[in-house]
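The primary structure of each chain is shown beneath.
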There are 2 protein chains.
Amino acid sequence: MMRTRPLKVALLGCGVVGSEVARIMTTHADDLAARIGAPVELAGVAVRRPDKVRAGIPAELITTDATALVKRGDIDVVVEVIGGVEPARTLITTAFAHGASVVSANKALLAQDGASLYAAAQEHGQDLYYEAAVAGAIPLIRPLRESLAGDKINRVMGIVNGTTNFILDKMDTSGAGYSEALDEATALGYAEADPTADVEGFDAAAKAAILAGIAFHTRVRLDDVYREGMTEVTAADFASAKQMGCTIKLLAICERAADGESVTARVHPAMIPLSHPLASVREAYNAVFVEADAAGQLMFYGPGAGGSPTASAVLGDIVAVCRNRLNEATGPGESAYTQLPVSSMGEVVTRYHISLDVADKPGVLAQVATVFAEHGVSIDTVRQKGKDGEASLVVVTHRAPDAALSGTVEALRKLDTVRGVASIMRVEGE
Amino acid sequence: MMRTRPLKVALLGCGVVGSEVARIMTTHADDLAARIGAPVELAGVAVRRPDKVRAGIPAELITTDATALVKRGDIDVVVEVIGGVEPARTLITTAFAHGASVVSANKALLAQDGASLYAAAQEHGQDLYYEAAVAGAIPLIRPLRESLAGDKINRVMGIVNGTTNFILDKMDTSGAGYSEALDEATALGYAEADPTADVEGFDAAAKAAILAGIAFHTRVRLDDVYREGMTEVTAADFASAKQMGCTIKLLAICERAADGESVTARVHPAMIPLSHPLASVREAYNAVFVEADAAGQLMFYGPGAGGSPTASAVLGDIVAVCRNRLNEATGPGESAYTQLPVSSMGEVVTRYHISLDVADKPGVLAQVATVFAEHGVSIDTVRQKGKDGEASLVVVTHRAPDAALSGTVEALRKLDTVRGVASIMRVEGE
Ligand SMILES: NC(=O)c1ccc[n+]([C@@H]2O[C@H](COP(=O)([O-])OP(=O)(O)OC[C@H]3O[C@@H](n4cnc5c(N)ncnc54)[C@H](OP(=O)(O)O)[C@@H]3O)[C@@H](O)[C@H]2O)c1
Ligand SMILES: NC(=O)c1ccc[n+]([C@@H]2O[C@H](COP(=O)([O-])OP(=O)(O)OC[C@H]3O[C@@H](n4cnc5c(N)ncnc54)[C@H](OP(=O)(O)O)[C@@H]3O)[C@@H](O)[C@H]2O)c1
């Protein structure tokens, strides 16, 4: 069974993820060979700093000329773990053109240019796999693309950013404020020096675009994803959430509209009931909840980042691509046949939890309720608290289009009796 | 892209699962065609009772001659959802011999004859897929075989039987005894009239055999799986579990030994900490926890049975097999290259929670502790409760080989001062 010519892997990038990929390829070489049906060897490693000591990697494999490496022509699989858009994009398309398949962990690039990368892979008859790009070690892309290929997925809702989950979990359990929790995350290495991509939801939005495209067999661009970060979540929001039997998570939510004719994708903090499986996802773990017509509710849970978990997903893809090559076949390519349009956030149907600071005098509640009614938003519960001439109103709505909900808030802000809108948070997962 | 000759599917069995497979194939025909790259059609349906009304299935497709159907020669995929060993086994091997690949949901058959079925598939260059055989709709076989193909799995621990999880959950939440909870499960359709296969752990043991073989790339037969049912779990056990911050689940546990040279597979009730992700799996849901070297801890959660969830998994396999056929390739076959031996239960390293009824007099604890020490079992905690000359001792051990633990219990039973062993339960997931 076993053929002797080894399959050749070129590694682009040897940082947090790449160094682990190289380590596992070396230490598990026999297992990989047995599982693939042919030996697999590291044929070259492209980096920026050639003189850095890289444990376990023969010096002669190191190069700074990534382009020459992908053009060699004898490479079977190019593993792109450089990150960022360029030179990663050009290296990937060059790899395809020179007869290699590609495994990538690059969510930013895939969310932005997935369609053109898929097209390039198909043009050259090559594979493009990227399990590691979403939720690290958690098998998610393959289950969605393959296990659920005979089902109709209606919703994908997940915690897909470990940094922000760590921060929110800290705020929840310790009562800390956002910046205190961020400091702790940074100290422990869970947050980068510049945490913008995580805390402003850019990283999660890239993953949401990828997941929505796969789940609904359509094309969802990064610009199609509504995005709200979690920097404004306060300790008071957590207190309100607790009163409702909820916690707060930064969620990536991809949904098919009720009529099935469009989809939406969004990232924002939201309250979810403590009884929801996503509520108990602690620390930097990721988890993704999937609802499908026939399968019902599924959840996938695990470490969403880190060198070795991410490398596990990359290695799974390397094995798959190598098996495909031995079969002289390719795996499933892009599936965007439904061409479902992506609706804007205004059309999302959701619920709001709104805290208002109001004047403590009779008739305020009636005024506020009228504004909701005028916008066609029906109220689920109201809680009124008064102290020293000040009062607060906490309103939780029933489900309504986001546009109607935000229109309501805008109108509330204009009421004389409303001194301020203390917080607005969507409520999901019920 | 789309070829016009349809791929032909023969359905063997049209009961709970089969009827849902037929329904989805019909209602989702366009989606399936787009995802596969070719239309797929139902070419025949074998049943026992031809005259039963089967909604949505053209009468001319129905046959009682399953053998003739699989021998037709124009069938691409045979879907075996009859269940049981014969005639399922012969039909499957006949299908391979006549040029068809097979998708099956039959855990009993796969656990017993997986190796010979794989061999037959390989001999004829056909696929054998069976995602639905373990944990229903939950993508599990494919993640283990493919997503984690580059990793080293050390443990698979799961709730893989919905009936028993429903019963245990009822006992936990309502304080009901076993038979009361079983009655409720039966009334609600969660337990069959004869619940033996579920409550005695046979169903879970079949799944454990399948999972262990895949996870460790070795061959694990049904007989290799240690099996203990959950009919003896009492309300008192749940009370003890609560005192320890635990609940009780029927677990299927597949482990690699610490030295990596052997594996074990077992099914028994066990206490697990409430903080463990498996502890919060409620009702008839299934969940499987996987620990791998690089990936870390993963969990897969969802409905483990039911017509449409199981059909979702079958359909995913149908799509995969059809794609393989269009590629003129097959997916990964059996991978048993490690040939790791399966050790017996005595070699499993675990912890015991033991409740003893003892004489309420001085020196009993010393006597009991001596027995543990003589067997090399170290004690974690002891709780002593006395009332009216009777007393009870609850001992929780540290990790030790199961043989040493059961030797300890045997010796304890022989002590004069030990009136009885009220319960023994393993403690897992810490
Ligand atoms: N880290 C995670 O937990 C994680 C999780 C999921 C996905 N990912 C994705 O995995 C990818 C890699 O992440 P990482 O954390 O491993 O990044 P990293 O630690 O910064 O490593 C990047 C590597 O790329 C090399 N590199 C940078 N520019 C290059 C160029 N122009 N030519 C050749 N090599 C170049 C660097 O070389 P030097 O070593 O010489 O600096 C370094 O080895 C990213 O797409 C990221 O989004 C990461
Ligand atoms: N039900 C679940 O939730 C579930 C979940 C996971 C896996 N599975 C597995 O799926 C398989 C099917 O389960 P099921 O619940 O669908 O069983 P089921 O409802 O009892 O259906 C069995 C079907 O097989 C047909 N059949 C029986 N003997 C036959 C024979 N000799 N020739 C042709 N047809 C025959 C029956 O015909 P009639 O209709 O004429 O009686 C019936 O249509 C089993 O292996 C089971 O373990 C089931």
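Predicted, not measured: the structure shown is a model, and the values here were computed from it.

A. Focus on the overall build of chain A. Counting secondary structure elements, chain A contains 14 helices and 17 strands. Computed over its C-alpha atoms, the radius of gyration of chain A comes to 24 Å, within 12% of the 22 Å expected for a compact globule of 430 residues. Dimensions of chain A along its principal axes, counting C-alpha atoms only, are 85 × 45 × 35 Å. Positive and negative side-chain charges in chain A, numbering 39 and 53 respectively, have mean positions lying 2 Å apart.

B. The relation of the copies chain A and chain B, seen in detail. Relative to chain B, chain A is turned by 180° and slid 0.0 Å along the rotation axis, the superposed coordinates differing by an RMSD of 0.0 Å. Such a combination of turn and shift is consistent with a two-fold rotation axis. The rotation axis passes nearest to the C-alpha of Phe-300 of chain A in chain A, at a distance of 2.4 Å. In this assembly, 100% of the residues forming the interface of chain A have copies in chain B that are likewise at the interface, indicating an isologous arrangement.

C. Structural detail: the UniProt feature "binding site: L-homoserine" (unreviewed entry) in chain A. Taken from the UniProt record, the annotation "binding site: L-homoserine" (unreviewed entry) applies to Glu-192 of chain A. The residue Glu-192 of chain A is located in the loop between helix 8 (178-187) and helix 9 (196-199) in this model.

D. Expanded view of the domain arrangement of chain A. What the domain assignment lists for chain A is domain 1 (7-136 + 307-326), domain 2 (141-303) and domain 3 (347-427). One C-alpha centre belongs to domain 1 of chain A, the other to domain 3 of chain A, and the line joining them spans 52 Å.

E. Inspection of the pattern of salt bridges at higher detail. All names here are of chain A. One pass over the structure, following the stated rule, counts 50 salt bridges over all chains. Lys-242 is paired through a salt bridge with Asp-172; the nearest N and O atoms lie 3.4 Å apart. Of this pair, Lys-242 sits in helix 11 (residues 235-243) while Asp-172 sits in helix 7 (residues 162-174); the two residues are 70 residues apart in sequence, bridging distant segments of the chain. In this structure Asp-172 comes out as buried when scored by relative accessible area, which is 18%.

F. Just the UniProt feature "active site" (unreviewed entry) in chain A, in detail. Residue and element names in this part refer to chain A. In this structure's numbering, the residues bearing the UniProt feature "active site" (unreviewed entry) are Lys-207. Summarising the element assignment, Lys-207 is placed in helix 10 (residues 202-216). Judged by its relative accessible area of 4%, Lys-207 falls in the buried class. The residues touching Lys-207, leaving out its near neighbours within four places in the chain, are Lys-107, Ala-133, Val-134, Ala-135, Val-160 and Asn-161.

G. Here's a closer look at the side chain of Gln-126 of chain A. Residue and element names in this part refer to chain A. Mapped onto the elements of the fold, Gln-126 is located in the loop between helix 5 (107-123) and strand 6 (128-129). A relative accessible area of 13% means that Gln-126 is categorised as buried. Separated by 3.0 Å, the side chains of Gln-126 and Ser-101 make a polar contact. Dropping the residues within four chain positions of it, Gln-126 is found in contact with Phe-96, Gly-99, Ala-100, Ser-101, Ala-121, Arg-325 and Thr-330.

H. The arrangement of the interface of chain A and chain B in detail. If you look at the interface, chain A gives 47 residues, while chain B gives 47 residues. At the boundary of chain A and chain B, one finds two salt bridges. For the pair chain A and chain B, the interface holds 21 residue pairs in polar contact (both at pLDDT 80 or more). Counting residues per element, the ones that place at least two in the side of chain A that touches chain B are helix 2 (29-36), helix 6 (141-147), strand 12 (296-303) and helix 12 (307-326) of chain A. When the residues that make up the side of chain A that touches chain B are grouped by side-chain class, the tally is 25 nonpolar, twelve polar and ten charged. Note that strand 12 of chain A and strand 12 (residues 296-303) of chain B share three bridges and pair antiparallel. Residue Tyr-301 of chain A lies in a different strand from strand 12 of chain B, and its bridge partner there is Met-299 of chain B.

I. Representation of the pairing of strand 4 (residues 77-80) of chain B within the structure. Residue and element names in this part refer to chain B. Side chains of strand 4 alternate between two faces, with Val-77 and Val-79 and Val-78 and Glu-80 buried alike. Looking at chain direction, strand 4 and strand 5 (residues 101-104) are connected through four bridges and run parallel. By the bridge assignment, Val-79 is partnered in strand 5 with Val-103.

J. Looking closely at unusual backbone geometry. Residues and elements named next belong to chain A. Glu-86 connects to Pro-87 through a cis peptide bond whose omega is 5°. Take Pro-87: it is sitting in the loop between strand 4 (77-80) and helix 4 (88-97). Although it is not a glycine, Gln-339 sits at a positive phi angle of roughly 45°. With respect to the helices and strands, the residue Gln-339 is situated in the loop between helix 12 and strand 13 (349-359).

K. Seen up close, the confidence of the model for chain A. With 99% of its residues at a pLDDT of at least 70, chain A reaches an overall mean of 95. Among the prediction metrics, the complex's ipTM stands at 0.94, with pTM recorded as 0.96.

L. Spatial organisation of the packing of aromatic side chains. All names here are of chain A. Following the criterion strictly, the structure yields seven aromatic pairs over all chains and no others. Seen from their ring centres, Tyr-285 and Tyr-301 are 5.0 Å apart, and the 5° between their planes marks the pair as stacked. Pair noted here: Tyr-285 is in strand 11 (residues 285-292) and Tyr-301 is in strand 12, with a separation of 16 residues, a long-range link. Note on Tyr-301: relative accessible area 12%, which makes it buried. Here Arg-227 stacks its cationic end above the ring of Phe-202, 3.8 Å away from the centre of that ring.

M. Focus on the site of ligand 2. Residue and element names in this part refer to chain B. Around ligand 2 sit 21 residues, and of these Cys-14, Val-16, Val-17, Arg-49 and Gly-306 come closest. Separating an oxygen atom of ligand 2 from a backbone N or O atom of Val-17 is a distance of 2.8 Å. One of the side-chain N or O atoms of Lys-107 is found 3.3 Å from an oxygen atom in ligand 2. Within the complex, 79% of the 900 Å² of free accessible area of ligand 2 lies under protein.

N. Region of interest: the sheet that holds strand 2 (residues 40-46) of chain B. Spatial strand order, 3-2-1-4-5-6 (chain B): six strands in an open sheet with parallel pairing. A strand with exactly one partner marks an edge of an open sheet, and here the two such strands are strand 3 (62-63) and strand 6 (128-129) of chain B.

O. Examining the packing of helix 4 of chain A against helix 5 of chain A more closely. All names here are of chain A. For the pair helix 4 and helix 5, interaxial distance at closest approach is 10 Å and the crossing angle is 15°. Viewed along their axes, helix 4 and helix 5 adopt a mutual orientation that is roughly parallel. Remark: the crossing between helix 4 and helix 5 carries right-handed chirality. Between helix 4 and helix 5, the contacting residues are Ala-88, Arg-89, Ile-92, Thr-93 and Phe-96 on the first element and Leu-109, Gln-112, Asp-113, Leu-117, Ala-120 and Ala-121 on the second. Grouping the constituent residues of the contact of helix 4 with helix 5 by class yields seven nonpolar, two polar and two charged.

P. Seen up close, the environment of Arg-383 of chain A. Residues and elements named next belong to chain A. Position of Arg-383 among the secondary structure elements: in strand 14 (residues 379-387). The class for Arg-383 is partly exposed, based on a relative accessible area of 30%. Separated by 28 residues in sequence, Arg-383 and Ser-355 place their C-alpha atoms 9.4 Å apart. Here Arg-383 is in contact with Gln-243, Ser-392, Leu-393 and Val-394, once residues within four sequence places are set aside. For Arg-383, the side chain forms a polar contact with the side chain of Gln-243, separated by 2.6 Å.

Conventions adopted
Residues numbered from 1 in each chain as written. Chains lettered and ligands numbered in written order. Predicted model: local features only at pLDDT ≥ 70, side-chain atom pairs only at ≥ 80, totals over all residues. Heavy atoms only, no water. Helix = DSSP H or I, 4+ residues; strand = E, 2+ residues; numbered from the N terminus. Rg over C-alpha atoms; globule rule 2.2 N^0.38 Å. Lys, Arg positive; Asp, Glu negative; His and termini not counted. Charge placed at Lys NZ, Arg CZ, Asp CG, Glu CD. Least-squares fit on C-alpha atoms with pLDDT ≥ 70 in both. Contact = heavy atoms within 4.5 Å. UniProt positions renumbered as here; feature names shortened; annotations may be inferred. Domains from an automatic or database assignment. Salt bridge = Lys/Arg side-chain N within 4 Å of Asp/Glu carboxyl O. Buried < 20%, exposed > 50% of the residue type's maximum accessible area, 1.4 Å probe, protein only. Polar contact = N/O pair within 3.5 Å; in protein donor to acceptor, adjacent residues only side chain to side chain. Nonpolar A, V, L, I, M, F, W, Y, C, P; charged D, E, K, R; others polar. Pairing = 2+ DSSP bridges. pLDDT = per-residue confidence, 0-100. Phe/Tyr/Trp six-rings, centres within 6.5 Å; stacked < 30°, edge-to-face > 60°. Lys NZ or Arg CZ within 6 Å of the ring centre and 35° of its normal. Near = heavy atom within 4 Å. Areas by Shrake-Rupley, 256 points an atom, 1.4 Å probe, with all protein chains shown as cover. Axes fitted to C-alpha atoms, helices over the stretch in contact; angles between N-to-C directions. Parallel < 35°, antiparallel > 145°, perpendicular 65-115°, else oblique. Left-handed = near helix turned anticlockwise from the far one by under 90°.

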